[in-house]
Amino acid sequence: MQITDKAANAPAERLRQGFGAQEAGARTPEGPGFSPGSATPASQGKRFDIAAIRADFPILRELVHGKPLVYLDSANTSQKPESVIRAMDDYYRHANANIHRATHLLSERATQLYEGARLKATRFINAPSHRSVVLTTGTTDGINLVAQTYGRTMLKPGDEVLVSWLEHHSNIVPWQILCEQTGATLRVATINEVGEIDLDSFEQLLSARTRIVAVSHVSNALGTVNPIRQIIRAAHQAGAVVLIDGAQAVPHFAVDVQELDCDFYVFSSHKMYGPTGTGVLYGRQALLDAMPPYRGGGDMIASVTFEKTTYNQLPYKFEAGTPNIGGVVGLGAAIDYLNAIDRVAALAHEDDVLAYATERLREVPDTRVIGQARDKTGVLSFMIGDAHPHDVGTILDREGIAVRTGQHCAQPVMDRYGVTATIRASLGIYNTREDIDALITALARVREVFG
Ligand SMILES: Cc1ncc(COP(=O)(O)O)c(C=O)c1O
């Protein structure tokens, strides 16, 4: 099996993803309320005005230790625009009730808002139907769901799950648990020095034993954009199903699950300008249909007797209990927010700020950038001399600059580079070159402190 075309995920390709539905001739999602062509997240007629974007995020006006906040921790969690905050506030003021159950007006409003958000999510990733869009509590929840339903039923001793060395713990540990439960084996494709998945290693590890391939779209620790099209194609040729962890991808560029041809795609609302505690699992409908439920409880059933319980249709079979309704309303508002801006221009802006940050960091003596893949988005991970990243983070905080320091829930990546932690500056649509100037000035202070 040959995996070629390593450049297929280059930035220009990613920019085009917004038009993927048209180019690939993919189908338009079906479901209540869809209008023809609604899957097209085209940038036509939309704008990206950085001053207006910054004004949309009230927290950016916050002072931290008396200094203006410079928020460089969006890969951890993004900030929320006014429209998301307002949508959730409005929901609790005017529509709060449980969904799918009661006959009263508030319940109707809540149900409409909740199911409306599902339809927005369906269009957002160009899923073919709202039935293939399960609302979860986040990326971690979606991966565990797939491991414990699809994985638990399909895997047996001798089977293999293939991940990459770049994965977040959320895309490692659920598979380890699954392997312990089923007797399957976890395989890991290595990464090269710059932090790209070694496609030869990946190819060598793929075999008829590989049942599941689980890979991130974008690495949270290094920002590498993985060549997931080639990975998906190769995995399918080997007969495996593919789960893509899109937690760090959807905040930066448009994703089209039909064009990608993945089997499962998961992401979290809180990294894409929505609230915490909500997320999306896209699954191929035939797979979701065949999978047993994840959790038992209200809403996921068709009928219950002590002799036999039957399950609800998709996607409700996987949504037991009262969900985070207010959070899902916020997720819908975050999708509206992203849909309203020119995402092609937004990505170009973010890429410019990342390139500027990478360039300016060279001015700071004794820095080492961890992760220099050819195709990166949103993340600059680095070290300064012998300074412990945590100490650097504390000094930066005193200057009003929020970064994350540590292993970024990706200990194997740290081990690969022989470090225990890095300083990670990560970008959102609201960051500017001025934010980077502030970071570089503050790093000069760090150098003073550490001599
Ligand atoms: C690539 C990746 N996968 C999974 C996760 C876990 O996301 P959550 O904590 O929202 O479930 C994260 C969070 O940082 C991530 O960056």
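Residues numbered from 1 in each chain as written. Predicted model: local features only at pLDDT ≥ 70, side-chain atom pairs only at ≥ 80, totals over all residues. Heavy atoms only, no water.

Moving on to the overall build of the chain. On a plain count of helices and strands, the chain comes out with 16 helices and 17 strands. Against the globule reference of 22 Å for 451 residues, the chain gives a C-alpha radius of gyration of 22 Å, in line with a compact fold. Expressed along its principal axes, the backbone C-alpha trace of the chain runs to roughly 75 × 55 × 40 Å. Classification of the 451 residues of the chain by burial places 56% in the buried group. Approximately 18100 Å² of the chain is accessible, and the part contributed by carbon and sulfur atoms is 51%. Taking the 43 positively charged and 50 negatively charged side chains of the chain as two groups, their mean positions are separated by 3 Å. (Helix = DSSP H or I, 4+ residues; strand = E, 2+ residues; numbered from the N terminus. Rg over C-alpha atoms; globule rule 2.2 N^0.38 Å. Buried < 20%, exposed > 50% of the residue type's maximum accessible area, 1.4 Å probe, protein only. Areas by Shrake-Rupley, 256 points an atom, 1.4 Å probe, with all protein chains shown as cover. Lys, Arg positive; Asp, Glu negative; His and termini not counted. Charge placed at Lys NZ, Arg CZ, Asp CG, Glu CD.)

Let us now look at the packing of helix α6 (residues 139–154) against helix α7 (residues 173–182). Between α6 and α7, the least distance of the axes is 9 Å, while the angle of their chain directions is 20°. The angle between the axes of α6 and α7 places the two elements in the roughly parallel class. The element α6 and its partner α7 pack so that their crossing is right-handed. On α7, the residues that touch Ile143, Asn144, Val146, Ala147, Gln148, Gly151 and Arg152 of α6 are Pro174, Trp175, Ile177, Leu178, Gln181 and Thr182. In terms of residue class, the contact of α6 with α7 is built from seven nonpolar, five polar and one charged. (Axes fitted to C-alpha atoms, helices over the stretch in contact; angles between N-to-C directions. Parallel < 35°, antiparallel > 145°, perpendicular 65-115°, else oblique. Left-handed = near helix turned anticlockwise from the far one by under 90°. Contact = heavy atoms within 4.5 Å. Nonpolar A, V, L, I, M, F, W, Y, C, P; charged D, E, K, R; others polar.)

Looking at the secondary structure, you find His252 in the loop between β8 (241–245) and α10 (257–260). Polar contacts involving the side chain of His252 include one to the side chain of Glu350, which spans 2.4 Å. In this structure His252 touches Arg343, Leu347, Glu350, Thr377, Gly378 and Leu427, once residues within four positions along its chain are discounted. (Polar contact = N/O pair within 3.5 Å; in protein donor to acceptor, adjacent residues only side chain to side chain.)

Glancing now at the confidence of the model for the chain. Of all residues in the chain, 90% have pLDDT values of 70 or greater, and the mean over the chain is 91. Low confidence marks residues 1–41, where pLDDT is under 50. Its contacts with residues over four positions away, or in another chain, come to 95 contacts. (pLDDT = per-residue confidence, 0-100.)

Strand pairing in a sheet takes place through backbone hydrogen bonds and is either antiparallel or parallel in direction. Spatially, β4-β10-β9-β8-β7-β5-β6 is the arrangement adopted by the seven strands of the open sheet, whose pairing is mixed. Lying at the two open borders of the sheet, with one neighbouring strand each, are β4 (133–136) and β6 (185–189). Averaged over all pairs of adjacent strands, the angle between their axes in this sheet comes to 20°, without regard to strand direction. Bridging between strand β9 (residues 264–268) and strand β10 (residues 279–283) involves five bridges; their strand directions are antiparallel. Residue pairing in the sheet places Phe264 in a bridge with Gly283 of β10. Of the strands in this sheet, β4, β9 and β10 are in contact with helix α5 (residues 105–124), which crosses β4 at around 120°. The sheet contacts of α6 involve β4, β7 (210–216), β8, β9 and β10, and relative to β9 the element is tilted by about 155°. (Pairing = 2+ DSSP bridges.)

A separate point is unusual backbone geometry. A cis geometry characterises the amide bond from Leu314 onward to Pro315, with omega recorded as 0°. Checked against the element boundaries, Pro315 lands in the loop between β12 (309–311) and α12 (325–340). The backbone of His100 sits at a positive phi, close to 65°, despite the residue not being glycine. Among the structural elements, His100 can be located in the loop between α4 (82–94) and α5.

Looking now at the packing of helix α13 (residues 343–361) against helix α16 (residues 433–450). Look at α13 against α16: their axes get within 9 Å of each other, and the N-to-C directions meet at 20°. Here α16 runs roughly parallel to α13, going by the angle between their axes. As α13 runs across α16, the sense of the crossing is right-handed. From α13, Asp352, Val353, Tyr356, Ala357, Arg360 and Leu361 reach across to α16, where they touch Arg433, Ile436, Asp437, Ile440 and Leu443. Among the residues making up the contact of α13 with α16, the classes are represented as seven nonpolar, no polar and four charged.

Another point: the site of the ligand. For the ligand, the full set of nearby residues is Thr139, Thr140, His168, Ser170, Asn220, Asp245, Ala247, Gln248, Ser268, His270 and Lys271. Between the ligand and the protein, one listed contact pairs a nitrogen atom with a side-chain N or O atom of Asp245 at 2.5 Å. Within the side chain of Gln248, an N or O atom sits 2.7 Å from an oxygen atom of the ligand. Contact with the protein chains covers 86% of the free accessible surface of the ligand, which is 390 Å². When the residues that make up the shell around the ligand are grouped by side-chain class, the tally is one nonpolar, eight polar and two charged. (Near = heavy atom within 4 Å.)

On to the nonpolar core, then. Grouped together as the largest cluster of nonpolar side chains are 79 residues, with contacts concentrated most on Ile197, Phe202, Val213, Tyr265, Met272 and Ile429. The element that contributes the greatest number of residues to this core is α12, accounting for nine residues. Not counting chain neighbours up to four residues away, the residues in contact with Tyr265 comprise His217, Ile244, Gly246, Ala249, Val250, Val255, Val257, Leu260, Val280, Leu281 and Tyr282. The next biggest cluster of nonpolar side chains, apart from the first, holds 26 residues, and it includes Val70, Val353, Ala387 and Ile395. (Core = buried A, V, L, I, M, F, W, Y, C linked by side-chain atoms within 4.5 Å.)

We now examine the sheet that holds strand β13 (residues 367–370). Across the sheet, which stays open at both edges, the four strands sit in the order β13-β14-β17-β16 with antiparallel pairing between neighbours. Single-partner strands in this sheet number two, and they are β13 and β16 (404–406). Ignoring which end each strand starts from, the neighbouring axes of this sheet average 30° apart. The sheet contact formed by β16 and strand β17 (residues 422–426) spans three bridges and is antiparallel. Its bridge partner lying in β17, Thr405 is registered against Ile423.

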